[in-house]
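# Residue-level structure breakdown
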Amino acid sequence: MDNKVKIIIAGPRGRMGSEAVKLVNTTEHFELLAVIDHKHEGQMLSDLEGFHHINNVPIYTDLEKCLQSTNSDVLIDLTTPEVGMYHAKTALHYHVRPVVGTTGFTPSDLAELERLCQEKNLGCIIAPNFAIGAVLMMKFSQIAAQYFNDVEIIEMHHDQKLDAPSGTAVKTAEMISAVRESKKQGHPNEKETLAGARGADYTGMHIHSVRLPGLVAHQQVLFGSEGQTLTIRHDSYNRGSFMSGVKVAVEKVMKLNTFVYGLENILE
Ligand SMILES: NC(=O)C1=CN([C@@H]2O[C@H](COP(=O)(O)OP(=O)(O)OC[C@H]3O[C@@H](n4cnc5c(N)ncnc54)[C@H](OP(=O)(O)O)[C@@H]3O)[C@@H](O)[C@H]2O)C=CC1
Ligand SMILES: O=C(O)C1=N[C@H](C(=O)O)C[C@H](O)C1
């Protein structure tokens, strides 16, 4: 018996998933047991371009079949919102702890996962952003919002992103609204002459989503008051920026029997 954390990764060919494969493969106390890919049933990960050096890792298209055939501890999911939700629920049913980076979950998805964690007495971490700098940006924004009631969020991502606003922007808005008195931003009588010009409305605070090739993941939180503005900004320039957070989440989830939404709740 070794003490390695036995891991399954869903979405291994993706921008994030391929980095996670690298992380697990190079971390002494982690072991990659299998991957979930909706393509390539019956093949080995080493058959795929970019993974020739990774031995003995089977590809499953069906998570349930994978969980029945392997004795795993943690599922790392980096896929799409619908798939991620199904994977997280399935993993918990099989007593495997989910670490989910996939964004786009609704409040009712999160509530359902929380209920399932209680029922199974198991840990689960949903992290809209694994980058430590992004977590600090959200925490600093929450502090600033105690002093500045006027705030708008601008998130900027690559143009292959499926969800808008980003999970980070939603989490930032949630953290701010926990301390900010609800207020409709802008002039009370303002009118959009072009629909969407003022962005999405989250308890009166506006979220603007920019999508451009060349970007990775960036966010500015802008505060304003009489004669001054404060801008809190974070930039991820590559997906490596998220991996130390993934590592911490996998280590932590092994010691948890509760549901955690946001890395800020587990960082020491
Ligand atoms: N929490 C965080 O810090 C971060 C979170 N993210 C989030 O992570 C998710 C993935 O992002 P990213 O890597 O950029 O996206 P990609 O599109 O690059 O990767 C997603 C991968 O999931 C695969 N996939 C789709 N359906 C399934 C399925 N049923 N089973 C297994 N694999 C499947 C896709 O395969 P195919 O292309 O063949 O369909 C693709 O390889 C997004 O929700 C994103 O918002 C991203 C960055 C950081
Ligand atoms: O899709 C991405 O790229 C990212 N998604 C996450 C989000 O929606 O906040 C995290 C990061 O911003 C990159």
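Keep in mind it's a predicted model, so treat the numbers as computed, not measured. (Residues numbered from 1 in each chain as written. Chains lettered and ligands numbered in written order. Predicted model: local features only at pLDDT ≥ 70, side-chain atom pairs only at ≥ 80, totals over all residues. Heavy atoms only, no water.)

### Remarks on the overall build of the protein chain
A count of helices and strands for the protein chain gives seven helices and twelve strands. For 268 residues, the compact-globule estimate of 2.2 N^0.38 gives 18 Å, and the protein chain sits close to it at 20 Å. Dimensions of the protein chain along its principal axes, counting C-alpha atoms only, are 65 × 40 × 30 Å. For the protein chain, the residues scored as buried account for 49% of the 268 residues in total. Long-range pairs, those at least 24 residues apart, make up 70% of the contacts in the protein chain with a sequence separation of at least 6. Put simply, the protein chain shows about 13200 Å² of open surface, and 51% of that area lies on carbon and sulfur atoms. Charge-centre separation for the protein chain: the mean point of 25 positive side chains lies 2 Å from the mean point of 32 negative side chains. (Helix = DSSP H or I, 4+ residues; strand = E, 2+ residues; numbered from the N terminus. Rg over C-alpha atoms; globule rule 2.2 N^0.38 Å. Buried < 20%, exposed > 50% of the residue type's maximum accessible area, 1.4 Å probe, protein only. Contact = heavy atoms within 4.5 Å. Areas by Shrake-Rupley, 256 points an atom, 1.4 Å probe, with all protein chains shown as cover. Lys, Arg positive; Asp, Glu negative; His and termini not counted. Charge placed at Lys NZ, Arg CZ, Asp CG, Glu CD.)

### Observations regarding the packing of helix α1 (residues 15–26) against helix α7 (residues 243–253)
Between α1 and α7, the shortest axis-to-axis distance is 10 Å and the interhelical angle comes to 60°. By the criterion of interaxial angle, the relationship of α1 to α7 is oblique. Between α1 and α7 lies a crossing of right-handed hand. From α1, M16, E19, A20 and L23 reach across to α7, where they touch M243, V246 and K247. In terms of residue class, the contact of α1 with α7 is made up of five nonpolar, no polar and two charged. (Axes fitted to C-alpha atoms, helices over the stretch in contact; angles between N-to-C directions. Parallel < 35°, antiparallel > 145°, perpendicular 65-115°, else oblique. Left-handed = near helix turned anticlockwise from the far one by under 90°. Nonpolar A, V, L, I, M, F, W, Y, C, P; charged D, E, K, R; others polar.)

### Let's talk about the site of ligand 2
Taken together, T103, P128, N129, H157, H158, K161, D163, S166, G167, T168, A217 and F242 make up the full set of residues near ligand 2. Interatomic distance of 2.6 Å between a side-chain N/O atom of H157 and an oxygen atom of ligand 2. One of the side-chain N or O atoms of T168 is found 2.4 Å from an oxygen atom in ligand 2. Burial of ligand 2 by the protein chains amounts to 84% of its free accessible area of 320 Å². Looking at the shell around ligand 2 residue by residue, the classes come out as three nonpolar, seven polar and two charged. (Near = heavy atom within 4 Å. Polar contact = N/O pair within 3.5 Å; in protein donor to acceptor, adjacent residues only side chain to side chain.)

### Notes on the site of ligand 1
Taken together, 23 residues surround ligand 1, and among them R13, M16, K39, T103 and F130 come closest. Residue R15 places a main-chain N or O atom 2.8 Å away from an oxygen atom belonging to ligand 1. Between ligand 1 and M16 there is a distance of 2.8 Å, counted from an oxygen atom to a backbone nitrogen or oxygen. Within the complex, 80% of the 920 Å² of free accessible area of ligand 1 lies under protein.

### Considering helix α5 (residues 132–145)
With 14 residues, α5 should reach 20 Å at 1.5 Å per residue; the first-to-last C-alpha distance of 20 Å fits that figure. Those residues of α5 that sit buried are A134, V135, M137, M138, S141, A144 and A145. Check the buried side of α5 and you find it contacts α6 (167–177), β10 (217–225) and β11 (228–236). (Expected span 1.5 Å × (residues − 1).)

### Some points on the packing of aromatic side chains
Two measures describe an aromatic ring pair: the distance that separates the ring centres and the angle between the ring planes. Scanning the model with the defined rule gives one aromatic pair in all. Where F148 meets F223, the ring centres are 5.9 Å apart and the plane angle is 50°; that geometry is what we call tilted. Taken together, the residues F148 in the loop between α5 and β7 (150–157) and F223 in strand β10 connect sequence positions 75 residues apart. In this pair, the class of F148 matches that of F223, namely buried. When the ring centre of Y261 is taken as origin, the NZ or CZ atom of K171, which lies over that ring, is 4.3 Å away. (Phe/Tyr/Trp six-rings, centres within 6.5 Å; stacked < 30°, edge-to-face > 60°. Lys NZ or Arg CZ within 6 Å of the ring centre and 35° of its normal.)

### Some points on the UniProt feature "domain: Dihydrodipicolinate reductase C-terminal" (unreviewed entry) in the protein chain
With numbering matched to this structure, UniProt assigns "domain: Dihydrodipicolinate reductase C-terminal" (unreviewed entry) to residues 133–267. The distance separating the terminal C-alpha atoms of residues 133–267 is 12 Å; by composition the span is 26% helix and 29% strand. (UniProt positions renumbered as here; feature names shortened; annotations may be inferred.)

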